[in-house]
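Given next are the chains, with one letter for each unit.
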Amino acid sequence: MNVAVTMFSGGRGAAGIARGMLGTPGVGLSLVVNGYDNGLSTGALRRYLPGMLGPSDFRKNLLLHLDPADPAQAALTTVLEHRLPVGTTPAGLTAVIEAIAARRGPFAALPEAAREAVTADLRVFARRLAAYPHGLDLADCALGNLVFAGAYLRLGRDFNAAVDACARTFGSPVRLLNVTNGENAFLAALRRDGSLLADEADIVAPQGPGVITDLFLLREPLGARRRAELEALPPAWTREVLGRERAEVTPNPRALEAIRDADLVVYGPGTPHSSLLPSYLTPGVADAVARSRAAAKVFVVNTRSDHDIRELSAPDLVDRTLAYLGDPRNGRRLVTHVLSHRPAPDAPAVPQGVLDRGEWAGARWVTADLEHPTRPGLHDAERTAEALLAIRDEAALARAQ
């Protein structure tokens, strides 16, 4: 079996499914990800390097193939995930770089090619920090994000080239693709009550009552003064103003190619309003899905709710996806199937009528036992990958008849 799978993904929500696909012989996996994360240390890094997207979700997807039981792979994991402690100075970062270069401590088993690449990119970033020492607190920065930042600087501030370089450095078997050509953009949202969520960090934080109704990709981040100005306006005015400040982004041609050439397209689980829906706003994505040769285009329902979707049912989430793809009635068959776990208290609700009909918005609704047996809220890697590939095989067979 040789199956090309392309999945829209975030950082960790679809990690189990991705690992399940990687563990299936004959499956080639492409992940389409956006870079709008700006929380905490990632936001600080983006402010320090204006123009750079957030590397965090890309960094997390470089972990998918790494086995902590293997010393070399454990060392690669440490490079990606190590957090610099409070009080880390530029000199402290240099000491970490030298430990990597000398393969000391947790970096002892680091493969030679990775050691050279990681050291080179971290030194590029360290030189930038030495020249401009103010404006970045290194506390809690993920070392892997600084590797990305160094690659970004080394490659002429080309974010997508930095993604490719880091995928090579860490030996990723995944085709990891930014959904856009790398244009900088910032998320903001409005809730039904008119309250403003000024950035991605607000969107993923615990929410009060009231669903998110509008999502915006902005040219510039909303600072404290700008936020206060917008919050003083009536919601309809805020919506109009933010609509005029939308960023112009263009699609990554390789992401569109991966979608068009897929045998199976998966709308992965995750935090919808930060990790998934913004990707669907990218021009050309919906057309690529419509033109895809994929026999099945499957929406995977979360096994638990996130803060940004507390009042939304599973069918609501399907509807949101179709709306952001510009096909609210699913007339273009952008979603052919929906795959959900058995009804559970913490998961987005699935009305009994939908289960009885086995259909929503023209898409077939499939229910299976998908939750990890010992890690509630996470998809079981093997069972979910198996269910998705079975849907694809059945759809391909039906198309051939």
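On to the sheet that holds strand 4 (residues 186–191), then. Taken in spatial order, the three strands of this open sheet run 5-4-6, and their pairing is antiparallel. With one partner strand each, in any of the chains shown, strand 5 (196–197) and strand 6 (212–218) form the two edges of the open sheet. Direction of pairing for strand 4 relative to strand 6: antiparallel, over a ladder of six bridges. Looking at the pairing, Phe186 lines up with Leu218 of strand 6.

All right, on to helix 6 (residues 112–131) then. Here helix 6 contains 20 residues, and its C-alpha end-to-end distance of 29 Å stays within 8% of the 28 Å for a straight helix at 1.5 Å per residue. Burial in helix 6 covers these residues: Ala114, Arg115, Val118, Thr119, Asp121, Leu122, Val124, Phe125, Ala126 and Leu129. Buried residues belonging to helix 6 abut helix 2 (40–48), helix 4 (71–81), helix 5 (90–101), helix 7 (143–154) and helix 8 (159–169).

Attention now moves to the sheet that holds strand 9 (residues 337–341). Adjacent strands of a sheet pair through backbone hydrogen bonds, lying either parallel or antiparallel. With respect to topology, eight strands assemble into an open sheet ordered 3-2-1-7-8-9-11-10, the strand pairing being mixed. In this open sheet, the two strands that pair with only one neighbour each are strand 3 (175–178) and strand 10 (359–360). Those strands touched by helix 1 (residues 15–22) are strand 1 (3–8), strand 2 (27–33), strand 7 (264–267) and strand 8 (296–300), and its axis lies near 155° from that of strand 2.

Quick look at the environment of His273 now. In this fold, His273 is placed in helix 13 (residues 272–280). For His273, a relative accessible area of 0% gives the class buried. Considering only alpha carbons, one finds His273 and Leu339, 66 residues apart in sequence, at a separation of 19 Å. If we ignore the near neighbours within four places in the chain, the residues touching His273 are Leu187, Ile203, Ile212, Leu215, Pro278, Asp308, Ile309, Leu312 and Arg320. Here the side chain of His273 touches Asp308 through a polar contact of 2.8 Å, side chain to side chain.

Using the criterion set out here, one finds five aromatic pairs in the structure. Aromatic pair Tyr48 and Phe125: ring centres 6.1 Å apart, planes at 65°, arrangement edge-to-face. With a gap of 77 residues between them, Tyr48 in helix 2 and Phe125 in helix 6 connect regions that are remote in the sequence. Each member of the pair, Tyr48 as well as Phe125, carries the same accessibility label: buried. Taken together, a centroid distance of 5.6 Å and an interplanar angle of 90° make the contact between Tyr267 and Tyr280 edge-to-face. Taken together, the positions of Tyr267 in strand 7 and Tyr280 in helix 13 put the pair 13 residues apart, joining distant regions of the chain. Across this residue pair, the class does not change: Tyr267 and Tyr280 are buried. The ring of Tyr48 has Arg128 sitting right over it, with the charged end atom 5.3 Å from the ring centre.

For the rest of this paragraph, the subject is helix 5. With twelve residues, helix 5 extends 16 Å from end C-alpha to end C-alpha; this agrees with the ideal 16 Å at 1.5 Å per step. Of the residues making up helix 5, those classed as buried are Leu93, Val96, Ile97, Ala99 and Ile100. Along the long axis of helix 5, the arc covered by the buried residues comes to 160°, so they all point the same way. Packing partners of the buried residues in helix 5 comprise helix 6 and helix 7. Following helix 5 by one or two positions, Arg103 adopts a phi angle in the positive range, close to 55°.

The calculated volume of the largest pocket comes to roughly 1,100 Å³. Forming the walls of the largest pocket are 43 residues, and the residues nearest its centre are Gly11, Arg12, Gly13, Lys60 and Arg304. When contributions to the lining of the largest pocket are tallied by element, the ones reaching two or more residues are helix 1, helix 2, helix 3 (56–61), helix 9 (200–204), helix 13 and helix 17 (381–400). Tallying contributions element by element places helix 3 first for the lining of the largest pocket, with four residues. Classifying every residue of the lining of the largest pocket by side-chain character gives ten nonpolar, 18 polar and 15 charged.

Considering the arrangement of structural elements, one finds Asn34 in the loop between strand 2 and helix 2. Judged by its relative accessible area of 3%, Asn34 falls in the buried class. Here the side chain of Asn34 touches Tyr36 through a polar contact of 3.2 Å, landing on its backbone nitrogen. The contacts of Asn34, once residues within four sequence positions are left out, are Asp57, Phe58, Asn178, Val179, Ser274, Ser275, Leu276, Pro278 and Ser279.

Cut-offs applied
Residues numbered from 1 in each chain as written. Predicted model: local features only at pLDDT ≥ 70, side-chain atom pairs only at ≥ 80, totals over all residues. Heavy atoms only, no water. Pairing = 2+ DSSP bridges. Helix = DSSP H or I, 4+ residues; strand = E, 2+ residues; numbered from the N terminus. Expected span 1.5 Å × (residues − 1). Buried < 20%, exposed > 50% of the residue type's maximum accessible area, 1.4 Å probe, protein only. Contact = heavy atoms within 4.5 Å. Axes fitted to C-alpha atoms, helices over the stretch in contact; angles between N-to-C directions. Polar contact = N/O pair within 3.5 Å; in protein donor to acceptor, adjacent residues only side chain to side chain. Phe/Tyr/Trp six-rings, centres within 6.5 Å; stacked < 30°, edge-to-face > 60°. Lys NZ or Arg CZ within 6 Å of the ring centre and 35° of its normal. Arc of directions from axis to C-beta. 1 Å grid on protein atoms, 1.4 Å probe; cavity = no way out; pocket = protein on both sides within 12 Å on 5 of 7 lines; lining within 4 Å. Points joined across faces, edges and corners; volume = space filled by probe spheres on them. Nonpolar A, V, L, I, M, F, W, Y, C, P; charged D, E, K, R; others polar.

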